[in-house]
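# Architecture and fold: a report
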Amino acid sequence: MAGDLMSDPSTPNSETSTPLPPNSILARLRDIPWETYEHAYGAAEDLPDIILAVARGEDDGDDLFSKIHHQRTVFSATAVAVPFVVGAIDANLAAGRTKNAWSLIYSLGLVTNGAGYQQVHHRMFGDRDPVELEKTLAREEQEVTDAHLAACQAAPSLISLLSHQEPLIRQTVLYTLGHCAGVGRTLFPILLRHWHAEKDSTTRALALYSLDWLLEALRPGAFPYMDHQQWPAPIRSEDKSVCVSELTKALHRSIEDGAGLERWIAADVLVRLGGTPTLSPGELAQAWDQAEPDLEIWDEFRSTDWFHEAPPLRIAVAEARLLHRAGYYRSALFDIDAIAQSRQWRGEAIAALVRTLRHEDEQCRFEAASFLRHAGLALRNHLSTLLEAGSVDVRLRALLLRPLRLNVTSNSAPVRDWVEAVLTGGDDTALLYLAGMIHADDPPHWAAFITEQLKRLLKGGAFRPTTDLPPHAYWHTNRRNSSGLAEDRESLIASLVSALGILQGGGIDIDLVEEVAGMSNPAAIKLLGDMAITDLRARTALESCLKRPALSDSAYQDVRKILRNLTPEGRSSMIAEAGDRPNEELAVLLGEDAEALVPRWRVLLNEVDDYGWRPLTAAKALWTLHGDPHEIRDALIANLSTRPSCLPTLELLDKFGAAATAAVPKLRALRDGRAIIGSSIEQDEQALALIGKLLDRLPV
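Residues numbered from 1 in each chain as written. Predicted model: local features only at pLDDT ≥ 70, side-chain atom pairs only at ≥ 80, totals over all residues. Heavy atoms only, no water.

### What about the overall build of the chain?
Helix and strand counts for the chain stand at 36 helices and four strands. In the chain, which comprises 700 residues, the proportion classed as buried is 52%. Long-range contacts, defined as pairs at least 24 residues apart, comprise 65% of the intrachain contacts of the chain with a sequence gap of at least 6. As displayed, the chain offers around 31500 Å² of accessible surface, 50% of which is attributable to carbon and sulfur atoms. (Helix = DSSP H or I, 4+ residues; strand = E, 2+ residues; numbered from the N terminus. Buried < 20%, exposed > 50% of the residue type's maximum accessible area, 1.4 Å probe, protein only. Contact = heavy atoms within 4.5 Å. Areas by Shrake-Rupley, 256 points an atom, 1.4 Å probe, with all protein chains shown as cover.)

### Points about the side chain of H69
Following the sequence through the fold, H69 ends up in strand β3 (residues 69-70). Looking at H69, its side chain comes within polar contact range of the main-chain oxygen of L110, at 3.2 Å. Sequence-distant contacts of H69, that is, excluding residues within four places in its chain, are made with V74, L110 and V111. (Polar contact = N/O pair within 3.5 Å; in protein donor to acceptor, adjacent residues only side chain to side chain.)

### Digging into the state of the cysteines
As enumerated under the stated definition, the model contains zero disulfides in all. C152 supplies the cysteine sulfur nearest to C180, a cysteine that is in no disulfide, at a spacing of 4.5 Å. Using a relative accessible area of 0% as the deciding quantity, one classes C180 as buried. (Disulfide = S-S within 2.5 Å.)

### A look at unusual backbone geometry
Of note in the backbone geometry, Q71 takes a positive phi value of approximately 50 degrees without being a glycine. By the element assignment, Q71 lies in the loop between β3 and β4 (73-74). Accessibility expressed as a relative area gives 68% for Q71, which makes it exposed. The backbone of F223 sits at a positive phi, close to 50 degrees, despite the residue not being glycine. Relative to the elements of secondary structure, F223 occurs in the loop between α11 (201-214) and α12 (237-257).

### Section: the packing of aromatic side chains
Using the criterion set out here, one finds eight aromatic pairs in the structure. Pairing Y209 with W213 gives two aromatic rings, centres 5.7 Å apart and planes at 10 degrees, and the pair type is stacked. Within this pair, Y209 and its partner W213 are both found in helix α11, separated by four residues, close to a single helical turn. A relative accessible area of 3% places Y209 in the buried class. Given a relative accessible area of 14%, W213 falls into the buried group. Relative to W231, the ring of F223 has its centre 5.3 Å away and its plane inclined at 85 degrees; by these criteria the two rings are edge-to-face. Of the two residues examined, F223 and W231, each falls in the buried class. Cluster of aromatic residues (ring-pair linked, three or more members): W102, Y106, Y175, Y209 and W213. (Phe/Tyr/Trp six-rings, centres within 6.5 Å; stacked < 30°, edge-to-face > 60°.)

### Brief notes about the pattern of salt bridges
Tallied over the entire structure, the rule returns 17 salt bridges. Between E198 and R170 there is a salt bridge, with its nearest N and O atoms 2.8 Å apart. With E198 in the loop between α10 (184-197) and α11 and R170 in helix α9 (residues 167-178), this residue pair connects regions lying 28 residues apart in the sequence. As far as burial versus exposure is concerned, E198 and R170 are alike and both buried. One salt bridge connects D672 with R671, and the closest N-O pair in it is separated by 2.9 Å. (Salt bridge = Lys/Arg side-chain N within 4 Å of Asp/Glu carboxyl O.)

### As for the packing of helix α16 (residues 330-340) against helix α18 (residues 362-372)
Between α16 and α18, whose axes approach to 10 Å, the crossing angle comes to 30 degrees. In this view, α16 runs roughly parallel relative to α18, as classed from their interaxial angle. With respect to the hand of their crossing, α16 and α18 are arranged in right-handed fashion. In contact with R330, L333, F334 and D337 of α16, α18 contributes C364, E367, A368, S370 and F371. Grouping the amino acids of the contact of α16 with α18 by side-chain chemistry returns five nonpolar, one polar and three charged. (Axes fitted to C-alpha atoms, helices over the stretch in contact; angles between N-to-C directions. Parallel < 35°, antiparallel > 145°, perpendicular 65-115°, else oblique. Left-handed = near helix turned anticlockwise from the far one by under 90°. Nonpolar A, V, L, I, M, F, W, Y, C, P; charged D, E, K, R; others polar.)

### Considering the nonpolar core
Ranked by size, the top nonpolar core spans 89 residues in total, and within it W34, L47, I51, L64, I89, F188 and I265 carry the most contacts. The leading source of residues in this core is helix α4 (residues 76-94), at 12 residues. Sequence-distant contacts of I265, defined by excluding residues within four places in its chain, comprise A205, L206, L208 and Y209. Counting 45 residues, the second-largest nonpolar core is a separate cluster that includes L322, V394, V419 and I681. (Core = buried A, V, L, I, M, F, W, Y, C linked by side-chain atoms within 4.5 Å.)

### What to know about the packing of α9 against α11
Axis separation between α9 and α11 bottoms out at 8 Å; the angle between their running directions is 10 degrees. Relative to α11, α9 is oriented roughly parallel. Taken together, the residues of α11 that come into contact with α9 (itself represented by P167, R170, Q171, L174, Y175, L177 and G178) are T202, T203, L206, A207, S210, W213 and L214. In the contact of α9 with α11, the residues fall into eight nonpolar, five polar and one charged.

### A few points about helix α28 (residues 553-565)
Owing to its 3.6 residues per turn, the α-helix brings residues three or four apart onto one side. Between its first and last C-alpha, α28 extends 19 Å over 13 residues, near the 18 Å set by a 1.5 Å rise per residue. Taken together, the buried positions of α28 are A555, V559, I562 and L563. One side of α28 holds all its buried residues, which, seen down the axis, span an arc of 95 degrees. Residues of α28 that are exposed and angled more than 90 degrees away from the buried face: D553 and S554. (Expected span 1.5 Å × (residues − 1). Arc of directions from axis to C-beta.)

### As for the environment of L604
Within the secondary structure layout, L604 lies in helix α31 (residues 598-605). For L604, a relative accessible area of 0% puts it in the buried group. Residues L604 and L616, spaced 12 residues apart in sequence, show a C-alpha to C-alpha distance of 8.9 Å.

### Topic: α16
Among the 11 residues of α16, eight are classified as buried, and the element is accordingly described as predominantly covered. Among the residues of α16, S331, A332, L333, D335, I336, D337, I339 and A340 are the ones counted as buried.

### So, the confidence of the model for the chain
The predicted model of the chain averages 78 in pLDDT, with 78% of residues at 70 or higher. Mean pLDDT values over the elements of the chain span from 32, in helix α1 (residues 2-7), up to 95, in α10. Predicted confidence for residues 299-308 stays below pLDDT 50, and this span has 36 contacts to residues more than four positions away or in other chains. Throughout residues 500-506 the model reports pLDDT below 50, and contacts reaching past four residues in sequence, or to other chains, amount to 12 contacts. (pLDDT = per-residue confidence, 0-100.)

### So, the environment of A550
The topology assignment puts A550 in the loop between α27 (536-545) and α28. The sequence separation of A550 and G518 amounts to 32 residues, and the corresponding C-alpha distance is 6.6 Å. Among all residues touching A550, those that are not within four sequence positions of it are G518 and S520.

Right, here's the structure in full:
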């Protein structure tokens, strides 16, 4: 049957299939030696059947694009398949399958700015041969460029669809053409003329974004994985002034005459181009409220970079939206939080979030507090406002305790008063928030009280913390069923595990930990495993876990492995596996046996790793064993360039004393740079404080 299908692609293979248009390019599908090309899963010889199924409406195209554009990576088969994708688009439109055609056009737009697999991932693997890697990267750059050029060559066919009667088709075509930067100089006047002629307001709005995207190639870092020199007709720097001038005229006209989405996008693009919208923050906020429903289907348009050239205006617009719109505040607060990631504008953004703690709407206050939980030392100038907000609601006290503790002495009166208010407030949800934020050196009765309350809640079975709290503000509220019981129990378990660290500081309740572990909770299982090295009761608890019917298969295997590692045979196996997974706890556990792993750990010190965790864990293990800063110092200084592991790297350098002096130039660069350290504002502020401490202490 497959042979018959390929011999005559115009013949449908089922009663529900649709014949292909005459003279379709799909008739040439079998002329391509597909077995010589590759997609995400290997040889591309299966693509003809898949493309034909898509063209006949038997497949929606998801399988096709998972192979030629897999998680934004493209392959040698991608460029070859693009003309046939265009044929499939024509076939679906001819048969009236607008939704299928829309999906294919949109996916074609994604192909325009793909990447090669190794281009994206090679830094995660340090064992690649440099010569072979260079060849692979060069080949992938050509494949990515070819895919972009193939999409550009499809532009004439797509331009003809700008007259299609369905606005959604025209909008999707604009999206894809806007990303064909390789022929931007040709497309810009065509799309500008279409904007002038277009009657549909939403389509006019998206045409403005498409025109702006065609200018994207002039911005640093745009289309990073391809060879721009092969582009036949991009917008060049000498064209920019004319293009910007023409686009700016269109933007001002849309701001004056448009509404909703068109007005919002025009203001957004104008700010990107360095202009200033003639609209107040309130008017912009109103335009956003009108625009948002139209944007929901266009994830690509929901950028967090709105007004990235004018952060104060962004903050003003977001605050205006908070005042003018009731019920759902996360979008505006996300926008302010995105600005707070920038050190330059962090103060203004944090101040806006703190002001929101006084908002009249309870949900909005909780939303703001949930963002501020991780603001850390950035809240040092707003403590009086935090204390005032916390006095309003016991749950706000629990949410804001984390940043408060980072800014004042742990045993100070504000901290004591806040914790006591939560403990005695009778609010179980606030208690759960508080559970993971008690320190080991806090008054013992705090941990004891929380432990008893958590036992009560766990055993009671009737606690429903999500029923009276905004969905965003709880850890596991997306897990609900009609009874609200099982999912709330999961939330409860998450809080219990957070509390296990508290219990560890003041004597662990083994029965409580065993109960949580018996529910297949990995954190509780790990805690029992750590304790079992020296505590026979914990080993017995692990053995009891194996008999619990609620234990999942994977958790059962985890417990078995822990118990096996406690035997002499398991210890030998653990040593054999430890070479590629170093950590300081393992170094302590293995003692003298760990010395056999030192050569491998020294190799890991210099392994290329985008995230920096393997060099860092190797350094920590070697420091635990030898305590020699010179053994690991150079590797740690190099590791300061990795964002996720930079803060713990600084914390290890802080233990070196004068031996850390060699890091001074790098420390200054981190302090004076614009990129944040770590993955949150809290980590960045902690890192900056630690860098300041090191620079003050180390000799220059």
